[in-house]
Structure formats: structure tokens, C-alpha cells
Amino acid sequence: MSEQQGGVTTSGPGALFAIGGAEDKLKKRLVLQEFVEAAGGPKARIVIVPTASALGPDVIDVYSALFAALGAASVVGVRPENREDADDPAFIEPLEQATGIFMTGGNQLKLSGVVTGTAFGRAVTAAHARGAAVGGTSAGASILAEHMIAFGRSGATPRQRMSQLAGGLGLVQGAIVDQHFAQRNRYGRLLSLVAQSPGLLGIGVDEDTAAVVRGTHLEVVGRGAVTIFDGSRITSNAHYASRSEAILASGVVLHVLPASSTFDLKARVLLSFGPQPPAEEIASIEAAEADLRKLAKEIAAEGVSPAYYAERKRRAGRRTAKSAPAAEKTESAKKTTVSQKAAASKKSRSAAAAQSRPEATEPLSAGAELSRPDTDPRADSGTA
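The residue numbers shown here count from 1 along each chain, following its written sequence. Two thresholds apply to this predicted model, a pLDDT of at least 70 for residue-level local features and 80 or more for giving and counting side-chain atom pairs, whereas whole-chain, interface and lining totals are computed over all residues. Hydrogen atoms and water are omitted, and side-chain values are computed over all heavy atoms in the structure.

Participant: I'm lost on unusual backbone geometry in this one. Help?
Facilitator: The phi angle of most residues is negative, glycine excepted, and most peptide bonds adopt the trans form. Its identity is not glycine, yet Ser 138 carries a phi of approximately 60 degrees, on the positive side. Tracing the backbone through its elements, the reader meets Ser 138 in the loop between strand 7 (133–137) and helix 7 (139–142). Exposed residues in this analysis have more than 50% of their type's maximum accessible area, buried residues have under 20%, and partly exposed residues fall in between, with area computed by a 1.4 Å probe over protein chains only. What makes Ser 138 buried here is its relative accessible area of 11%. The residue Arg 161 is not glycine, and still its phi comes out positive at about 60 degrees. Secondary structure elements follow DSSP: runs of H or I no shorter than four residues count as helices, runs of E no shorter than two count as strands, and numbering proceeds from the N terminus. For Arg 161, the position within the fold is in the loop between strand 8 (147–152) and strand 9 (163–167).

Here it is as C-alpha cells:
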């Protein structure tokens with residue numbers, strides 16, 4: 001059921017944006033633009049939550065300018081610094097009218113310690129449930145899941161005690177979200193957590209990339225990729241590996257999803273990849289096809305049986321088949337006539353040439369002599 005929220009019509013929970021950090025803020029700003037559009041575009045009312053950041057008011061100024069430049073109607077910053085602030089109605093009130101909530105990067109453990117289990121955290125969850133887009137970059141991405149990575153070491157090999165978990169907001173169920181994934185080589189720490197908790201999907205998001213979750217579907221936006229570890233059928237020694245020992249992780253299903261890929265988080269399968277037409281374009285094509293089918297039925301039913309058109313088509317086919325041999329015969333006759341004319345012309349030229357030459361004589365045999373009709377043969381021999 002749709003409802004009005006801050007002037008924006010919503011239907012069900014809003015989109016979730018888990019951004020891998022270092023999103024483009026100067027050029028295309030694709031990831032941030034997608035977030036603004038999901039929050040309502042020109043009607044978006046965005047609340048920035050910079051609790052994890054150590055940059056102070058500067059980080060609010062940067063994102064306020066960015067979201068305003070991308071067309072948001074209003075942007076405000078709300079920064080609870082401790083759990084007391086997070087239970088203060090003054091900090092919660094701006095969230096009640098928000099169509100978009102954006103949590104910045106910084107200290108993940110601080111963000112979890114201040115927000116989760118407080119009135120502020122519950123207000124974020126309620127905003128999402130009524131249709132607000134909720135997103136975050138870096139630390140703000142990790143807290144979207146029920147279990148978030150508080151800290152950990154980099155490296156490609158999964159090891160025991162490589163990372164530590166903290167509580168998250170639980171907006172992304174059944175998953176752990178890590179960020180700066182490829183850039184900071186965090187394959188090992190995410191895989192170690194999947195080996196320890198095979199029921200959870202491991203989602204690693206590259207920089208300037210977002211894993212956009214709508215319901216149970218995840219879509220990749222940005223210039224990087226989203227890596228997913230599915231440990232449903234894993235074989236592991238995580239339950240007895242000693243401290244810092246490499247962890248066995250066999251049978252893990254790996255998905256590396258570039259931009260425009262979509263993935264079903266519940267069924268754990270790839271849905272699509274490659275550029276997809278916009279939803280409104282697909283709907284328009286389907287509507288046009290439906291109209292065309294309807295029109296075809298109306299034409300067929302307009303006082304004429306469809307069998308009539310089929311019979312006409314068959315007759316046309318037979319006429320075409322009959323006319324083909326006749327055409328070939330006519331063409332052959334034309335070629336014969338031309339050949340006969342050429343032969344007659346050649347014969348005529350030969351006859352004319354024969355008339356212009358002297359009368360023909362019998363061929364001469366070897367040793368024969370020519371005689372001239374106007375001379376006596378005996379005169380040539382010198383006798384009387």
C-alpha cells in the first residue's frame with residue numbers, strides 16, 4: 001500500500017545502499033546520484049549521520065553540498081556522539097520526515113556503539129520500513145547488516161581471529177558487509193567470518209561501488225564489483241583452528257558481480273548481468289506488445305474469418321510457384337531468339353564476303369602448275 005512521505009509516494013521498505021567507500025564526489029558521482037534518486041530526487045529530504053567520522057562539521061558540509069548539487073530538496077546533518085544523544089528526541093526528530101538517511105565512514109565500532117539499540121537506531125529502522133532510502137559509505141555500509149565487522153586485518157588468506165564482529169542495524173538480513181574490499185585486500189577476513197558462520201553471506205564491496213538492496217535482490221552500481229562468498233556447503237576447520245592459524249575453507253561458492261549485475265540474496269543465485277533496459281522502458285515495450293496483440297485480434301474479428309487470410313496467403317504462394325517456371329521459360333526463349341539472330345547475322349556477313357572474292361578453284365595437288373587462260377602453254381617451253 002502506497003503512502004505519502006515528505007511529499008514522496010512510497011510503497012514498502014526503501015532501498016539500502018552499502019557503499020564500499022571512496023565514492024566519486026567530483027566527476028560522474030554515479031553512486032551518490034543513485035542514492036538521491038532513490039530518496040526522492042528533487043523531493044528528497046536527506047539526513048546525514050557523521051557519527052563515525054573524526055572530521056567534525058567538515059564532513060557534513062561536503063555531503064550537504066554534494067546532495068544539494070545532485071538535486072535534493074533539503075539536506076541536514078544530525079550527529080549523535082554518544083548513546084545519550086542517540087536517545088534524545090531532538091536528534092531523532094529529523095529522521096521522522098527523512099526520505100533518505102546517509103551514514104558516513106569512519107570508526108565502525110564507534111558507530112555501532114552509539115547507534116545500535118538506541119532510539120536513534122530504531123528511528124533509522126522505522127524510516128527504512130516506511131520507504132526511506134538508507135545508505136552508508138565504508139563504516140556506514142557495514143552497520144546496515146545484522147552483524148558488522150568492527151575491525152580486522154587485511155590479507156588474502158583466512159585466519160583464525162582475523163576480525164571481530166559487532167552488532168549492526170539488521171537492515172540487511174543473513175549477511176556480513178565489508179568495504180574497501182579489493183583495494184585493501186580484505187578477502188581473507190571476510191572469508192574467515194563466513195567459515196565461522198556459514199549461514200551468513202559474505203558481501204565485499206569495492207570502492208566507488210554500491211550494493212543496492214531492494215527486498216531480497218541486490219544490484220551493483222558503480223565502477224567496481226561486489227564479491228559474495230556463499231558458505232552454505234563449506235567444509236572448514238574453523239571450530240578447532242588455533243590462534244592465527246590459516247582456516248580451511250573448501251566448497252565456498254564465489255560470485256564476483258560487476259556493475260548492473262543482480263543477485264537474489266535469499267535463493268543465493270545470480271539473476272542477471274550486463275546492461276538492462278530501465279524498468280519504465282520494459283513496461284512500455286510490454287504495453288505496446290499487448291496493444292498490438294489486441295489490435296490483431298480486433299482486425300481478425302472484424303467480419304472476416306482469420307481462415308480467409310490464411311487461404312489468401314496459400315493462394316498467393318501457389319501463384320508465385322506457378323509463375324516462376326513460366327518466367328524461366330520466357331527468359332530461355334529470349335536467349336534462344338538472340339542466339340538465332342546472331343547466327344543469321346554471322347551467315348549474312350560470310351555470304352557478302354564470298355561475293356566480293358574471285359571465283360573459287362579446285363585445290364592444287366602437289367607439283368601441279370598454274371595456267372593462264374590468255375597464254376599458250378607451248379610458248380613458255382620455247383618450242384614452235
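Participant: Honestly, the sheet that holds strand 13 (residues 217–222) in this entry has me stumped. Any pointers?
Facilitator: One key point about sheets: their strands pair by backbone hydrogen bonds, in either a parallel or an antiparallel sense. By definition, two strands form a pair when at least two bridges between them are found by DSSP. In spatial order, the strands read 5-4-6-7-3-12-13-18-19; together these nine strands make up an open sheet with mixed pairing. Sheet topology places strand 5 (74–77) and strand 19 (269–272) at the edges, where each strand pairs with a single neighbour. Pairs of neighbouring strands in the sheet enclose a mean axial angle of 20 degrees, with direction left out of account. The contact criterion used throughout is that any non-hydrogen atoms of two residues lie within 4.5 Å. For every element, the axis is a line fit to its C-alpha atoms; helices are fit only across the contacting stretch, and the angle between N-to-C directions ranges from 0 to 180 degrees. The sheet contacts of helix 2 (residues 57–69) involve strand 4 (45–49), strand 5, strand 6 (100–103) and strand 7, and relative to strand 4 the element is tilted by about 160 degrees.

Participant: For this particular structure, what's the right way to read the sheet that holds strand 14 (residues 225–230)?
Facilitator: Pairing in this open sheet of four strands is mixed, and the strands run 10-11-14-17 from one edge to the other. Looking at which strands have only one partner, the edges of the open sheet turn out to be strand 10 (175–179) and strand 17 (253–258). Across this sheet, the average inter-strand angle for adjacent strands is 15 degrees, counted without regard to direction. Where strand 11 (residues 201–205) and strand 14 come together, four bridges link them in antiparallel fashion. When the bridges of strand 14 are listed, Gly 204 appears paired with Thr 227.

Participant: Sorry, what's going on with the nonpolar core here?
Facilitator: Note on soluble globular proteins: their nonpolar side chains tend to be buried together. Take the buried Ala, Val, Leu, Ile, Met, Phe, Trp, Tyr and Cys residues and link them wherever side-chain atoms come within 4.5 Å; each set so joined is a nonpolar core. Core analysis: the biggest nonpolar cluster contains 47 residues, and Ile 101, Phe 120, Val 134, Ile 203 and Leu 218 have the highest contact counts within it. Counting residues per element, this core draws most heavily on helix 6 (residues 119–129), at five residues. Once residues lying within four places of it in the same chain are set aside, the contact partners of Ile 101 are Phe 35, Val 47, Val 49, Leu 95, Val 124, Ala 127, Ala 133, Val 134 and Gly 135. By size, the runner-up hydrophobic cluster in this structure holds 24 residues, among which are Ile 19, Val 36, Phe 67 and Val 75.

Geometric values such as these leave the question of function open.
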